[in-house]
Amino acid sequence: LPFLDAIDVSTIDLLLVSHFHIDHAAGVPYLTEKTGFKGRIFMTHATKSVLRVLLSDSIRLAPRGATSADTTGGGFALYDEADLAACMDRIEVIDFHQVVEAAGIKFWCYNAGHVLGAAMFMIDAGGTKLLYTGDYSLEEDRHLMPAEVPRVSPDVLIMECTYGTQKHEARDVREALFVSTIERVVQRGGRVLLPVFALGRAQELLLILEEHWRDRGLELSRVPVYYASKLATRALRVYQTYVNMMNAHVQRQLDVANPFQFNTVQNLARLDELDDSGPCVVLASPGMLQSGVSRQLFERWCSDNRNAVVLAGYAVEGTLAKQLATEPEEITALDGRILKRNCTVVSVSFSAHTDYKQNATFVRATSPGAVILVHGEKHEMNRFKNQLLSDANKWPPEDRPTVSSPENGQKVLVRFPADAKVLLRHGADEKGDQTFFDSNKRQRTASLNKTIDPGVLVVKELQTTFYTDAQLDASTLTVVEIDQTLRLRLSAAAAEGLLSALRRTFYDVKLESAESSLRNDPKLQRLLKLNVCGHVSCLLITDEHAQNHLILNWRAAPVSDVLADAVAYLALHTGKVPTAGLLSTDCCAPSSYPPPEQEEQQQLPDTYSIVFNLVKKTLIDHFGSDLVEVLPNEIDHNPDIKPMIDENEEEAHQNDPVPLLRLRIIHDEASAICTLFDHGAPRFRVDVASDDDALRHRLQRLLTHILAASTPIDVTGRETSTFTFPPDAIKAVSQDN
């Protein structure tokens, strides 16, 4: 089991299982059924299928009387079949490259080689990526593809370090040594024991032996090959099911026959069925000879010098397989007897773990910012760390990662700098180089030699993506429209002054006809529907209890949102300061609206006296009353006067109406004529003509500010929206209140 006491398992959101081997997955049912773990569990389809077979067999082999409820210390079972079944129901399966979002993160997996269904997981948390390799192999074998190398560079790489700095021999050399050793032993009349795990490398070795026996024909046809495992039939059935996940070698063989339907290999269900009176080859589990059929056969055969043990997998310290690598003269049997070791011991590694060369290649290819080593012996991991750091010093500075080899339970702190700030410039080419630092503090240089196209900057789960206009159609983004509703309760004063306040603030406020269901409601004392600038619909009602309500409805958009906020503010402000909506003398905009009781809005003539007086008064305040003169409304065509009109607008101005107001201003020895034109009530345009450029610019700026402050807001020309208030709008207001 993992060191579960070191963590609070109830805080774990996700459990990602890399493959089905016992040292990686046997604790899953215990975690789900015997602890406070409430998270989700993911693994590949093949991993789930094989794991069910392995763990069910493990429960069957547990000592009799040992149950999951055993607390006496004499039992070994951590869970039973019921726990296993419940655990399997909670497991969710994932395909290679399938992206899953859960617990606020995204993750997906790649093929890891190693064994059928093995996966390495890429986790993306807010743009920070972590890759966990699990057990993996970059070497293609008889049935499995090599591990994929992700194109995405992770910020953190957690990788296995099983073999440390060791290097595997070439595969063809190992296969030749493997089959030649076995053939030599059986030809001298000996027996060959191949300790293997029930699933994984066993299937690879079976394929090699099946092919070699077929190629050698009669020379080996009388030598039986046994697969001593009660799981053999079920295991091969699983492998036959998932042949689509295997490599091209297996796919080609499928055109002729299923490669896992063996002709040479025989299943050995029980050890007492074995006839070992002559030469034979037996594959038996467990792979490290600590117990079981493989240990029994070793103790039976180890004293005969004609026999051999071929160690084809990885062995950990403290196991007999590890001890045999030193070729001891004696071994201690499980019953305590001392046995002579006369048999031949040959180590030919077919372990589907990476060696140092493969690991270093993987690090260089993925270019992580930090490497964390796991799944190895302490001293081997430290040697690997030192060797990798030494080799990395020869790499470019931006490709050199930090490397750590923590002990079990030790925390590793990885620092991530804040995301770089990106400046997008549009409309002009930017030349030259710019230096910046990426998320791993590695210096980069970017060439600014092209124009940034306009587009959309999307932020999702702390990850930012920029889509140009051309990329939007092909992106996963969808366009949605959001209708928003705001309900306010108004005082009587606010209700009375709202329409006047709106019309003196906005250029376009229209009366609209309310829905018939609302107009015919006898409970309503007042009903007024307005549309502000074509963006915000307003429904002002007074209910049977003399309560005043304002309902605003608009389609979410930058302009509409601002207008809705402004309308709401005006309504509340008018309620606090009643005269704000009723007094017309303080408003600079001329009145251009009909009385509220008129259904159709009309543009009525107006003297524009308010604006005229404001302009005149401002100029007198600046220059003095004796220097400001009102002229007749006729244009003076003095050729010495320079009108401030853009040449591109000259043709348009030829159709201007008669000026509304003309003023002459005298300042020092210069003079200017200011002309106020009607651009459609209540909007104006001002032109200033003078032979003194400084005076002309000063007056133009001054009068432009005056008119901007005195003219209602105009947002015409933008897309407008209309809304229909539902019949239950009043009911909703009543419930909210």
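Check the entry above for the structure.
Right, let's walk through the structure included here. The model shown is predicted, which means the values in this text are computed figures rather than measured ones.

What counts, and at which threshold
The numbering scheme is per chain: residues are counted from 1 as the chain's sequence reads. This being a predicted model, a pLDDT of at least 70 is required before a residue's local features are given, and a value of 80 or more before pairs of side-chain atoms are given or counted; all residues contribute to the totals for chains, interfaces and linings. Hydrogens and waters are ignored; side-chain quantities use all the structure's heavy atoms. For the purposes of this entry, the term helix denotes a DSSP run of H or I that reaches at least four residues, the term strand denotes a run of E that reaches at least two, and both are numbered from the N terminus. Contacts are assigned to residue pairs that have any heavy atoms within 4.5 Å of one another. Residue exposure ignores everything except the shown protein chains as possible cover, and the areas themselves are Shrake-Rupley values with a 1.4 Å probe. By salt bridge we mean one thing: a side-chain nitrogen of Lys or Arg within 4 Å of a carboxyl oxygen of Asp or Glu. Working definition: with a 1.4 Å probe on protein chains only, accessible area under 20% of the residue-type maximum means buried, over 50% means exposed, and in between means partly exposed. Fitted lines through C-alpha atoms serve as axes, helices being fitted only where they are in contact, and the angles separating the N-to-C directions of these axes extend from 0 to 180 degrees. Convention used here: angles under 35 degrees read as roughly parallel, angles over 145 as roughly antiparallel, angles from 65 to 115 as roughly perpendicular, and any remaining angle as oblique. Only Asp, Glu, Lys and Arg are considered charged in this grouping, and only Ala, Val, Leu, Ile, Met, Phe, Trp, Tyr, Cys and Pro are considered nonpolar; every other residue, Gly among them, is considered polar. Crossing chirality is assigned from the near helix's rotation relative to the far helix, an anticlockwise turn below a right angle marking it left-handed and a clockwise turn marking it right-handed. Strands pair, by our definition, only if DSSP identifies at least two bridges between them.

## A closer look at the overall build of the chain
Working step 1: When you go through the chain residue by residue, the secondary structure sums to 22 helices and 31 strands.
Working step 2: Residue pairs at least 24 apart in sequence account for 68% of intrachain contacts in the chain once pairs closer than 6 positions are excluded.
Working step 3: Accessible surface, the chain as shown: approximately 38,700 Å² in total, 50% of it carbon and sulfur.

## Here's the deal with the pattern of salt bridges
Working step 1: Per the stated rule, a full pass over the model turns up 26 salt bridges.
Working step 2: E175 is paired through a salt bridge with R171; the nearest N and O atoms lie 3.2 Å apart. Highlighted residues: E175 and R171, both in helix 5 (residues 171-187), separated by 4 residues, approximately one helical turn. Neither E175 nor R171 differs from the other in exposure class; each is buried.
Working step 3: Residues joined in a network through salt bridges with shared partners are E139, R142, R171, R174, E175, E204 and E211.

## Observations concerning the packing of helix 3 (residues 45-60) against helix 4 (residues 81-90)
Working step 1: Put simply, helix 3 and helix 4 touch, their axes get as near as 10 Å, and they point 170° apart. When the axis of helix 3 is compared with that of helix 4, the two are roughly antiparallel. Contacts between helix 3 and helix 4 pair K48, L51, R52, L55, S56 and I59 from the former with E81, L84, A85 and M88 from the latter.
Working step 2: Within the contact of helix 3 with helix 4, the residues separate by chemical class into 6 nonpolar, 1 polar and 3 charged.

## Brief notes about the packing of helix 12 (residues 356-366) against helix 13 (residues 378-392)
Working step 1: One way to put it is that helix 12 packs onto helix 13 with a least axis distance of 11 Å and a crossing angle of 50°. Considering their axes alone, helix 12 and helix 13 lie oblique with respect to each other. Where helix 12 crosses over helix 13, the two elements pack in a sense that is right-handed. Along the contact surface, helix 12 presents Y356, N359, A360 and V363, while helix 13 presents F384, Q387, L388 and D391.
Working step 2: Per-class residue counts for the contact of helix 12 with helix 13 are 5 nonpolar, 2 polar and 1 charged.

## Some words on the sheet that holds strand 25 (residues 526-532)
As a general point, the strands of a sheet are linked pairwise by backbone hydrogen bonds and lie either parallel or antiparallel.
Working step 1: What the 5 strands build is an open sheet, ordered 23-27-26-25-24; its pairing is antiparallel. Looking at the sheet topology across the chains shown, the edges are occupied by strand 23 (483-490) and strand 24 (509-512). Neighbour-to-neighbour, the strand axes of the sheet open up by a mean angle of 20°, direction not taken into account.
Working step 2: The pairing of strand 23 with strand 27 (residues 548-555) spans 8 bridges and is classified as antiparallel. Looking across to strand 27, one finds that R489 is bridged to H549.
Working step 3: Relative to the sheet, helix 15 (residues 492-503) contacts strand 23, strand 24, strand 25, strand 26 (536-542) and strand 27, its axis offset from that of strand 25 by approximately 30°.

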